[in-house]
Amino acid sequence: MSLATRPQDADAVSGEKPVRQRRLPARLPARVRNVALPFGSLLLFLVLWQALAASGAWSETLVPPPAKVWDAFVVVSTTNDGVRGYNGTYLVEHLGISLRRIALGAGAGITAGVVFGLLMGTVGWLRSLFEPWITFLRTLPPLAYFSLLIIWLGINEEPKITLLAVAAFPPVAVSTTTAVAAVPKSLVEAARALGASRWDVVRDVVVPSALPETLTGVRLAVGVAYSSLVAAELVNGLPGIGGMVKDAANYNNTPVVLVGIIAIGVSGLVIDGLLLRLERAVVPWRGRA
């Protein structure tokens, strides 16, 4: 027997249990990193922005400093000299009206895209019939057909909502069609062998299998609708955040233009985060073996 006694042997002899060191949760550093990195990148962006504005390489009309953009944000969000916000409407009201247009337009486009995707994914001849047209529509920039929508529908809300619906439709239709077509045939055949009807197969097998990719298509559709917002509000867009940006650009009011762009981007991030949470709640199995 060796003269040296191992620590665990000594604990066994004395009858005392070894004391284990407590470890911090492994997720804590990841959570701190996930919060610190976005804020750090934002701070770095503001520093570089201020340095570029202070360098004098461009005039303040082209690159206003962050302080001027903040002042513009305060002006369009409050009442100054009896004038409410921008063009008689507060920033939050401009944003709310645009979000309503996106909800109506993108909602209609997403609904139609899911329905068409399910039909094209399950019925082969429908896919052959409609897929080229959807691809054609997907490659068109919004401004290419917005003028035509104005001729057909006038200058009120109808062309704006229709433009957003047309822009949101293709991503959902394509992603849903691809997801439905990729459902394993073994699952479909097993359901039919157990006596499931065609509707039962679609409801209990096809839809759950295609749901993850469909929700990804929904997120893409909302992003496309946001990118088409300014185009949708080019004509008679006030009140509206895109109309505010367009009107401010006509007068070289760059701080207000930047305020509108930031408002669109931040609200888009919030909505995308909510959709991502919805996706995790509805399809919690995604990404798990």
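Structure: see above.
Residues numbered from 1 in each chain as written. Predicted model: local features only at pLDDT ≥ 70, side-chain atom pairs only at ≥ 80, totals over all residues. Heavy atoms only, no water.

### Structural notes on unusual backbone geometry
Backbone phi values are negative for most residues with the exception of glycine, while trans is the configuration of most peptide bonds. What counts, and what does not: Put simply, DSSP H or I for four residues or longer makes a helix, DSSP E for two residues or longer makes a strand, and each gets a number counted from the N terminus.
In this structure, the amide linkage connecting Leu238 to the following residue, Pro239, adopts the cis form with an omega of 0°. Looking at the secondary structure, you find Pro239 in the loop between α10 (229-232) and α11 (241-250). Phi is positive for Asn87, close to 60°, though the residue is something other than glycine. Even without being glycine, Asn252 reaches a positive phi, approximately 55°. Inspection of the secondary structure assignment puts Asn252 in the loop between α11 and α12 (254-282).

### Structural notes on the packing of helix α4 (residues 91-122) against helix α9 (residues 198-227)
In plain terms, the rule: The angle between two axes is taken between their N-to-C directions and runs from 0 to 180 degrees, where each axis is a line fitted to C-alpha atoms and a helix contributes only its stretch in contact. Each angle is binned into one of four classes, with values under 35 degrees roughly parallel, values over 145 roughly antiparallel, values of 65 to 115 roughly perpendicular, and all other values oblique. A crossing counts as left-handed when the near helix is turned anticlockwise from the far one by less than a right angle, and as right-handed when that turn is clockwise. Note on contacts: a residue pair is in contact if any heavy atoms of the two residues lie within 4.5 Å. Gly is put with the polar residues, along with every residue not named as nonpolar or charged; the nonpolar set is Ala, Val, Leu, Ile, Met, Phe, Trp, Tyr, Cys and Pro, and the charged set is Asp, Glu, Lys and Arg.
Direction vectors running N to C along α4 and α9 enclose 140°, while the axes themselves pass 9 Å from each other. Compared by their axis directions, α4 and α9 come out oblique. Every pair of crossing elements has a handedness; the one defined by α4 and α9 is right-handed. Contact residues: Leu99, Ile102, Ala106, Ile110, Val114, Leu118 and Thr122 in α4; Arg198, Val207, Thr214, Val218, Ala221, Val222, Ala225 and Tyr226 in α9. Looking at side-chain class alone, the contact of α4 with α9 contains 12 nonpolar, 2 polar and 1 charged residues.

### A short note on the side chain of Thr176
Looking at where Thr176 falls in the secondary structure, it is placed in helix α7 (residues 157-181). Those residues in contact with Thr176, other than ones at most four positions away along the chain, are Gly113, Val114, Gly117, Leu118 and Thr214.

### Remarks on the packing of helix α5 (residues 124-138) against α7
The relative placement of two packed helices is expressed as an angle between their axes plus a distance between the axes. For the pair α5 and α7, the least separation of the axes is 9 Å and the interaxial angle reads 140°. Between α5 and α7, the angle is such that the two are oblique. The interaxial crossing formed by α5 with α7 has left-handed handedness. Taken together, the residues of α7 that come into contact with α5 (itself represented by Arg127, Ile134, Leu137 and Arg138) are Val166, Phe169, Pro170, Ala173, Val174, Thr177 and Ala181. The residue inventory of the contact of α5 with α7, partitioned by class, reads 8 nonpolar, 1 polar and 2 charged.

### What to know about a nonpolar patch on the surface
The following threshold applies: For patch building, the residue pool is restricted to those with more than 30% relative accessible area and no salt bridge; the joining distance is 9 Å between like charges and 5 Å between nonpolar side chains (Val, Leu, Ile, Met, Phe, Trp, Tyr). To measure how exposed things are, a 1.4 Å probe is used in the Shrake-Rupley method; for residues, cover is taken only from the protein chains shown. We define a salt bridge as a contact between a side-chain nitrogen of Lys or Arg and a carboxyl oxygen of Asp or Glu at a distance within 4 Å. In this scheme, a residue with accessible area under 20% of its type's maximum is buried, one over 50% is exposed, and one in between is partly exposed, where area comes from a 1.4 Å probe on protein chains only.
Among the surface-exposed residues, Val35, Phe39, Leu42, Phe45 and Leu46 lie close enough to one another that they form a single nonpolar patch of about 500 Å² accessible area. Following the sequence through the fold, Val35 ends up in helix α2 (residues 27-55). Classification of Val35 as partly exposed rests on a relative accessible area of 47%.

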